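Report on the structure
Given next are the chains, with one letter for each unit.
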Amino acid sequence: MRLRHIRGAEESIASSPYVVQEPEKQKGQWQQVFGNTHPIFIEVGMGKGRFIMELAQQHPENNYIGIERYSSVLLRALQKREELELPNIQFMCVDAKQMADYFEKGEVSHIYLNFSDPWPKDRHAKRRLTSPEFMKVYEQILAEDGKVEFKTDNRGLFDYSLEAIPQAGWKIETFTFDLHHSPMAEGNVMTEYEMKFASEGKPICKLVASPRQEASPNNIA
């Protein structure tokens, strides 16, 4: 999908107090950014930010970081953020492939991947956020009991993920092919895309995975 560039987006992001401008300098020091030692939850590819900002409102006991590489999209999230009192959320305009440059091992408790680009062509498989290449990046920053949650409307990407994630040495703890009609729907926070798809009756797939745990049967919800 071609994104329309918004003039002045980069300048607005560079001057925003809600965007961490040099995240590599915060590696191992994120407690100084938030002023506390609360767990850090990250959304990769947060879009306009509805999901992560709602989580931040619901859970003041956690810190949240939204990652969005496209400046014009991040600008929309910043405009929403300016209307809210949320001391427990920050944003970064970076490439998720570089996350190990910004976080120490164990600094991140949870990673959310919501409606990521499916990159349908086989030659682009390494770009998928659930590819073994990206799972290795997540493993470098997650705590020992850390989790990755992944939601998508794309069944092909989900089927790929069910195979690729275990290949990366991870355990899929639970999954469903129809989130909104499963036990995993309890407490679910919807993204902008998810609200649209749900209104159309389109099923949403979801899985939860953890790195390098003892092998056991996967649970389908």
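Summarised in this report is the structure supplied together with it.

What counts and what doesn't
- Residues numbered from 1 in each chain as written.
- Predicted model: local features only at pLDDT ≥ 70, side-chain atom pairs only at ≥ 80, totals over all residues.
- Heavy atoms only, no water.
- Core = buried A, V, L, I, M, F, W, Y, C linked by side-chain atoms within 4.5 Å.
- Buried < 20%, exposed > 50% of the residue type's maximum accessible area, 1.4 Å probe, protein only.
- Helix = DSSP H or I, 4+ residues; strand = E, 2+ residues; numbered from the N terminus.
- Contact = heavy atoms within 4.5 Å.
- Pairing = 2+ DSSP bridges.
- Right-handed = clockwise from strand over helix to strand, strands pointing away.
- 1 Å grid on protein atoms, 1.4 Å probe; cavity = no way out; pocket = protein on both sides within 12 Å on 5 of 7 lines; lining within 4 Å.
- Points joined across faces, edges and corners; volume = space filled by probe spheres on them.
- Nonpolar A, V, L, I, M, F, W, Y, C, P; charged D, E, K, R; others polar.
- Phe/Tyr/Trp six-rings, centres within 6.5 Å; stacked < 30°, edge-to-face > 60°.
- Lys NZ or Arg CZ within 6 Å of the ring centre and 35° of its normal.

Digging into the nonpolar core
Counting residues in each nonpolar core, the largest one holds 38 residues, and the members touching the most others are Met99, Ile111 and Tyr138. The dominant element in this core, judged by the number of residues it contributes, is helix 5 (residues 132-141), at five residues. Excluding its chain neighbours within four sequence positions, the residues that come into contact with Tyr138 are Met99, Ile111, Leu113, Leu129, Val148 and Trp170.

A short note on helix 3 (residues 50-58)
Looking at helix 3, one finds that the buried residues are Phe51, Ile52, Met53, Leu55 and Ala56. Buried-residue contacts for helix 3 involve strand 1 (40-44), strand 2 (63-67), helix 4 (71-81), strand 3 (89-92), strand 4 (108-114) and strand 5 (142-152).

Section: the pairing of strand 2
Across the five residues that make up strand 2, a large majority, five, are buried. Where strand 1 lies against strand 2, five bridges are found, and the strand directions are parallel. Considered in strand 2, the bridge of Ile40 is made with Asn63. One crossover worth recording links strand 1 to the parallel strand 2 by way of helix 3, and it is right-handed. The pairing of strand 2 with strand 3 spans four bridges and is parallel. Paired with Ile65 across the bridge in strand 3 is Gln90. Viewed along the sheet, the connection from strand 2 through helix 4 into strand 3 turns out right-handed.

Here we look at the layout of surface pockets
Here the second largest pocket is characterised by a volume of approximately 160 Å³. For the second largest pocket, the lining is made up of 14 residues, of which Glu149, Gly187, Asn188, Val189 and Lys206 are closest to its centre. For the lining of the second largest pocket, the secondary structure elements donating two or more residues are helix 3, strand 4 and strand 5. Ranked by residues supplied to the lining of the second largest pocket, first place goes to helix 3 with three residues. For the lining of the second largest pocket, a count of residues per class yields five nonpolar, five polar and four charged.

Looking at the packing of aromatic side chains
Inspection of the entire model under this criterion finds 10 aromatic pairs. Geometrically, the ring pair formed by Phe41 and Tyr64 is tilted, given 5.4 Å between the ring centres and 40 degrees between the ring planes. Taken together, the residues span a long stretch of sequence, with Phe41 in strand 1 and Tyr64 in strand 2 at a distance of 23 residues. Take Phe41 and Tyr64: they sit in the same class, and that class is buried. Relative to Phe158, the ring of Phe150 lies with its centre 6.2 Å away and its plane at 20 degrees, an arrangement referred to as stacked. Through a chain of ring-to-ring contacts, the aromatic side chains of Phe41, Phe51, Tyr64 and Tyr112 assemble into a single cluster. If you follow Arg81 out to its NZ or CZ, it ends over the ring of Tyr18, 4.0 Å from the centre.

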